[in-house]
Amino acid sequence: MLSNRIKKVIEKVIDGSQSALLDSVLVVNEVVDDLKRRKKRGVIVKLDFEKACDSVSWEFLFYMMGRLGFCGKWVQWIRACLESATVSVLVNGSSTKEFKLTRGLRQGDPMTPFLFLIVAQGLSRLVKQATRKNLLSGIKIGDKNVEVNLFQFADDTLFLCEPNVQNIRCIKAILRCFELSSGLRVNFFKSKLGTIGVDSYEVKLYSEILHCSIMEIHFSYLGLTIGGNPSRCSFWEPVVSKIRKKLSVWKGRNLSFAGRVCLIKSVINAIPLFYLFFFKAPIGVCKEITNL
């Protein structure tokens, strides 16, 4: 009973577009597979935020907490935690005098992930508002035509939309408004745009509007390859190369037999685990890992 109540409270505060690590990867991969299988058209924009935690506006955070229903005392507690902190900078090995911050969230602070989720909620609210006013149309997948337009995991953000100029301009306007209000700025030069079933001249037009580079729909998202074929050995090359690097010959020469066994077990247990959550490795890949 208590867990259901907590779940309802979280759903009121945090939007469904901000999902867990495994959920985000799984859903994005299913969306790409559905578009390819049904031969539909779609655009995926992978965003890169500049120094996400360091540039968060405190006033926007407090504003979002108020909009999400946090009482004034909660907001005052968070304000006191942020404003009372001091930091110093190392210059040539010596620390400077401590000074107070005026913006940003400290990385490593236990509160930072939760506060950043509240800030990121502002982006999902802007996307919802644009969707209600028919300014942004997401990708419809499945037999029930479920519309998806945004995936968020901390500062890793994906926009998905139908391929037309209005959607691309709307995404840029949303990101600009979010930057002015929250302080989170998108580095469009490091951001990437990928398409499925879209002509090359349209892709070039969209990339010029966003001022971002073009990527193939075989990209990495949260450490997993999206849009690839897991039955091919080439799909598992990142995993095999990481294992090969960890189990290099020169490291083995400096370890005892017991140390080698511990290294092999830790590497083989840790590196492929994330991929194996979603895909079954081909026999050839398993043999190659065993040979290594």
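Bear in mind the structure is a predicted one, so any value in this text is a computation, not a measurement. (Residues numbered from 1 in each chain as written. Predicted model: local features only at pLDDT ≥ 70, side-chain atom pairs only at ≥ 80, totals over all residues. Heavy atoms only, no water.)

A. Looking closely at the packing of helix α6 (residues 165-182) against helix α7 (residues 200-210). At a minimum axis separation of 10 Å, α6 and α7 run at an interaxial angle of 20 degrees. The pairing of α6 with α7 is recorded here as roughly parallel in orientation. With respect to the hand of their crossing, α6 and α7 are arranged in right-handed fashion. Listed contacts from α7 to Val 165, Ile 168, Arg 169 and Lys 172 of α6 are Leu 205, Tyr 206, Ile 209 and Leu 210. (Axes fitted to C-alpha atoms, helices over the stretch in contact; angles between N-to-C directions. Helix = DSSP H or I, 4+ residues; strand = E, 2+ residues; numbered from the N terminus. Parallel < 35°, antiparallel > 145°, perpendicular 65-115°, else oblique. Left-handed = near helix turned anticlockwise from the far one by under 90°. Contact = heavy atoms within 4.5 Å.)

B. How the structure looks around the side chain of Thr 195. Along the chain, the position of Thr 195 falls in strand β10 (residues 192-196). Classification of Thr 195 by relative accessible area gives buried; the value is 18%. Apart from residues lying up to four places away in sequence, Thr 195 is in contact with Gly 42, Val 43, Val 203 and Ile 217. (Buried < 20%, exposed > 50% of the residue type's maximum accessible area, 1.4 Å probe, protein only.)

C. Inspection of the side chain of Ser 182 at higher detail. Here Ser 182 is to be found in helix α6. The class for Ser 182 is buried, based on a relative accessible area of 0%. Within the structure, the side chain of Ser 182 is placed 3.2 Å from the backbone nitrogen of Leu 184, a separation counted as a polar contact. Residues in contact with Ser 182, not counting those within four places in the same chain, are Ser 55, Val 56, Ser 57, Phe 60 and Val 119. (Polar contact = N/O pair within 3.5 Å; in protein donor to acceptor, adjacent residues only side chain to side chain.)

D. Up close: the nonpolar core. Grouped together as the largest cluster of nonpolar side chains are 45 residues, with contacts concentrated most on Leu 61, Phe 159 and Leu 193. Per element, the largest residue contribution to this core is seven residues, and it comes from helix α5 (residues 112-132). Aside from chain neighbours lying at most four places away, what touches Phe 159 is Val 43, Ile 44, Val 45, Leu 47, Leu 123, Val 127, Asn 149, Leu 150, Ile 171, Ile 174 and Leu 175. Listed in part, the 33 residues of the second largest apolar core include Ile 139, Ile 217, Val 239 and Leu 247. (Core = buried A, V, L, I, M, F, W, Y, C linked by side-chain atoms within 4.5 Å.)

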